[in-house]
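What follows is each chain in one-letter form.
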Amino acid sequence: MIAFDNISASYDGVHQAVEDVTFTVDKPAIVGIIGPNGAGKSTFIKSALHLIDGGGSTTVDGKPLQKRKKEVAYVEQKSDIDYTFPITVGECVSLGLYPEKQFFQRITKEDWQKVDHALALVKMEEFKDRQIGELSGGQFQRILIARTFVQDATFIFLDEPFVGIDATSEQIIMELLSGFKKEGKAIFIVHHDLSKVERYFDELVILNKKLIAKGPTDETFTKANLQEAFGDTIFVGGGQVND
Ligand code: ADP
């Protein structure tokens, strides 16, 4: 179980971007984190994973996150990543090994087998020696997910993984994540497309600075909760919203 207790964050010390968000998630699950632009979804993850300063605490199976770091993987928004960094696809995936390896340790033959297996899972084997800068957005996202697999993380956080990617990559990624869930992992996905919420997520965390709702999708994906999060202007493209 992962437990978030009073997660808060402020960028200027005056305005809270995230305020006292508390909830727990039991694995296995695929959890959607939804809310309007600027609601603090990314900030919540960064603060909860101690990637930025903030208040509150996160525990993994009752232990402080600092002691269970290897079990947690985070894939930031594509816009935050430097694509031009000169590194091959295989090397990029192998970075998932570093939470358990010291940087000076050599990557062993078994490690490379792990990398090859992860690349096969995301259907990117033949790209192993290419530079990451040559990949499409969807291919790159698949590589980043392969990296979490190599890390063998149990709790995986993905920030808007489907933005600007092709439908095939989105499908491959969702199938892969369902497989991860079957292995007992919990996957958290910041997502803005409400039309896919019911198809993709077992549970929802609905945020707008504060936690508005958390629970099974069929109980939380309601008009009242969405109105509270998004205001009256909400437009749900083709999606069914429960009363
Ligand atoms: P979301 O992911 O829901 O779109 P964010 O977590 O990115 O929301 O942003 C929450 C709030 O924090 C917004 O008001 C945003 O402008 C602000 N914010 C986000 N990142 C920074 C930053 N690096 N510096 C200052 N303010 C930020």
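Named according to an unreviewed UniProt entry, the chain is Mn/Zn ABC-type transport system ATP-binding protein originating from Tetragenococcus koreensis. Regarding the chain, the UniProt comment filed under Sequence similarities (unreviewed entry) reads as follows: "Belongs to the ABC transporter superfamily."

J.: Quick one: what's the story with the environment of F180, residue by residue and with numbers?
T.: Locating F180 in the fold gives a position in helix 5 (residues 167–182). Taking relative accessible area as the criterion, F180 reaches 3% and is therefore assigned buried. Sequence-distant contacts of F180, defined by excluding residues within four places in its chain, comprise I145, T148, F149, I156, K185 and I187.

J.: Quick one: what's the story with the pairing of strand 10 (residues 210–216), residue by residue and with numbers?
T.: Inspection of the sheet shows strand 9 (residues 203–208) paired to strand 10 by six bridges, in the antiparallel sense. Its bridge partner lying in strand 10, V205 is registered against K214. In textbook terms, the turn of a hairpin is the stretch between consecutive antiparallel strands, and for strand 9 and strand 10 this stretch comprises one residue, one of which, K209, has a positive phi near 65°.

J.: Which residues make up the packing of aromatic side chains, and what values do they have?
T.: A complete count under the given rule lists nine aromatic pairs for this structure. Aromatic side chains F4 and F44 sit 5.2 Å apart centroid to centroid with 70° between the ring planes, which places their arrangement in the edge-to-face category. Taken together, the residues F4 in strand 1 (residues 2–10) and F44 in helix 1 (residues 41–48) connect sequence positions 40 residues apart. F4 gets classed as buried once you look at its relative accessible area, which sits at 1%. The interplanar angle of 85° and the centroid separation of 6.1 Å between the aromatic rings of F4 and F188 together place this pair among those described as edge-to-face. On the criterion of sequence distance, the pair formed by F4 in strand 1 and F188 in strand 8 (residues 186–190) is long-range, its members being 184 residues apart. An aromatic cluster of three or more residues is present, and its members are F4, F23, F44, F157 and F188.

Basis of the calculations
Residues numbered from 1 in each chain as written. Predicted model: local features only at pLDDT ≥ 70, side-chain atom pairs only at ≥ 80, totals over all residues. Heavy atoms only, no water. UniProt positions renumbered as here; feature names shortened; annotations may be inferred. Helix = DSSP H or I, 4+ residues; strand = E, 2+ residues; numbered from the N terminus. Buried < 20%, exposed > 50% of the residue type's maximum accessible area, 1.4 Å probe, protein only. Contact = heavy atoms within 4.5 Å. Pairing = 2+ DSSP bridges. Phe/Tyr/Trp six-rings, centres within 6.5 Å; stacked < 30°, edge-to-face > 60°.

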